[in-house]
Amino acid sequence: MSTEIPSDLVPFVQRMVSEKRFLNESDVLAEGLRMLQARETLRAEVKKGFDQLDAGQGIPAEDVYRRAEERIREIENGNV
């Protein structure tokens, strides 16, 4: 598969390579695709959460805060 980088993005891609942030243009594009994939996964997870809330499957805020505080104490005590 080959693709063409839009002309307005070429300077950015070249800068990423010249600053040694990436080895080559292909690596820059691959990272962009990984970020897009992560965003789409997050979008699906958020939708799933809202769907659960709409279906009455939410967790009371008090429970969430209590669990978070318990986890913080565990981490502070070295129980990671």
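Residues numbered from 1 in each chain as written. Predicted model: local features only at pLDDT ≥ 70, side-chain atom pairs only at ≥ 80, totals over all residues. Heavy atoms only, no water.

## A few points about helix α2 (residues 25–54)
Residue pairs three or four apart in sequence face the same way in an α-helix, which turns once every 3.6 residues. Let me state the cut-off plainly: To qualify as a helix, a DSSP run of H or I must reach at least 4 residues; to qualify as a strand, a run of E must reach at least 2; elements of each kind are numbered from the N terminus. Expected span of a helix: the number of residues minus one, times 1.5 Å. Whenever a nitrogen or oxygen atom comes within 3.5 Å of another N or O atom, the pair is scored as a polar contact, on the condition that within protein one atom can donate a hydrogen and the other can accept it, and that pairs from neighbouring residues in sequence are kept only if both atoms are in side chains.
Counted at 1.5 Å a residue, the expected span for α2 with its 30 residues is 44 Å, and the 44 Å between its end C-alpha atoms agrees. Among the residues of α2, the N-terminal cap falls to asparagine 24, whose side-chain oxygen and the backbone nitrogen of serine 26 are separated by 3.1 Å.

## Thoughts on a nonpolar patch on the surface
Inclusion rule: The patches reported here contain residues having more than 30% relative accessible area and no salt bridge. Joining distances are 9 Å for like charges and 5 Å for nonpolar side chains (Val, Leu, Ile, Met, Phe, Trp, Tyr). Only the protein chains shown count as covering a residue, and every accessible area follows the Shrake-Rupley method with a 1.4 Å probe. By convention in these notes, a salt bridge is any Lys or Arg side-chain nitrogen within 4 Å of a carboxyl oxygen on Asp or Glu.
A cluster of nonpolar side chains, Leu42, Val46, Phe50 and Leu53, forms an exposed patch at the surface whose accessible area comes to about 400 Å². With respect to the helices and strands, the residue leucine 42 is situated in helix α2.

## Topic: the environment of valine 17
Operational definition: Throughout, a residue-residue contact means that at least one pair of heavy atoms, one from each residue, lies within 4.5 Å.
As for its placement among the helices and strands, valine 17 is situated in helix α1 (residues 10–18). When the C-alpha positions of valine 17 and valine 28 are compared, they lie 7.8 Å apart, and in sequence the two are 11 residues distant. Excluding residues within four positions of it along the chain, valine 17 makes contact with Phe22, Leu23, Asn24, Glu25 and Val28.

## A look at the pattern of salt bridges
The criterion, for reference: The buried label goes to any residue with under 20% of its type's maximum accessible area, the exposed label to any with over 50%, and the partly exposed label to all in between, with areas taken from a 1.4 Å probe on protein chains only.
Tallying each qualifying case throughout the model produces seven salt bridges. Salt-bridge contacts for glutamate 31 lead to arginine 34; the nearest nitrogen and oxygen are separated by 3.2 Å. One end of the pair is glutamate 31 and the other is arginine 34, both in helix α2 and three residues apart, which spans about a single turn. Judged by its relative accessible area of 27%, glutamate 31 falls in the partly exposed class.

## Notes on unusual backbone geometry
Here lysine 20, not a glycine, exhibits a phi torsion of approximately 65°, which is positive. You can see lysine 20 is positioned in the loop between α1 and α2. Note on lysine 20: relative accessible area 73%, which makes it exposed.

## Observations regarding helix α3 (residues 61–76)
Counted at 1.5 Å a residue, the expected span for α3 with its 16 residues is 22 Å, and the 22 Å between its end C-alpha atoms agrees. Just beyond α3, the residue with positive phi is glycine 78, at close to 85°.

## Side note on the confidence of the model for the protein chain
Our working rule: What pLDDT expresses is the predictor's confidence in each residue, scored from 0 to 100.
Residues with a pLDDT of 70 or more make up 100% of the protein chain, whose mean pLDDT is 95. Looking over the protein chain, one finds the lowest element-wise mean pLDDT in α3, namely 95, and the highest in α1, namely 98.

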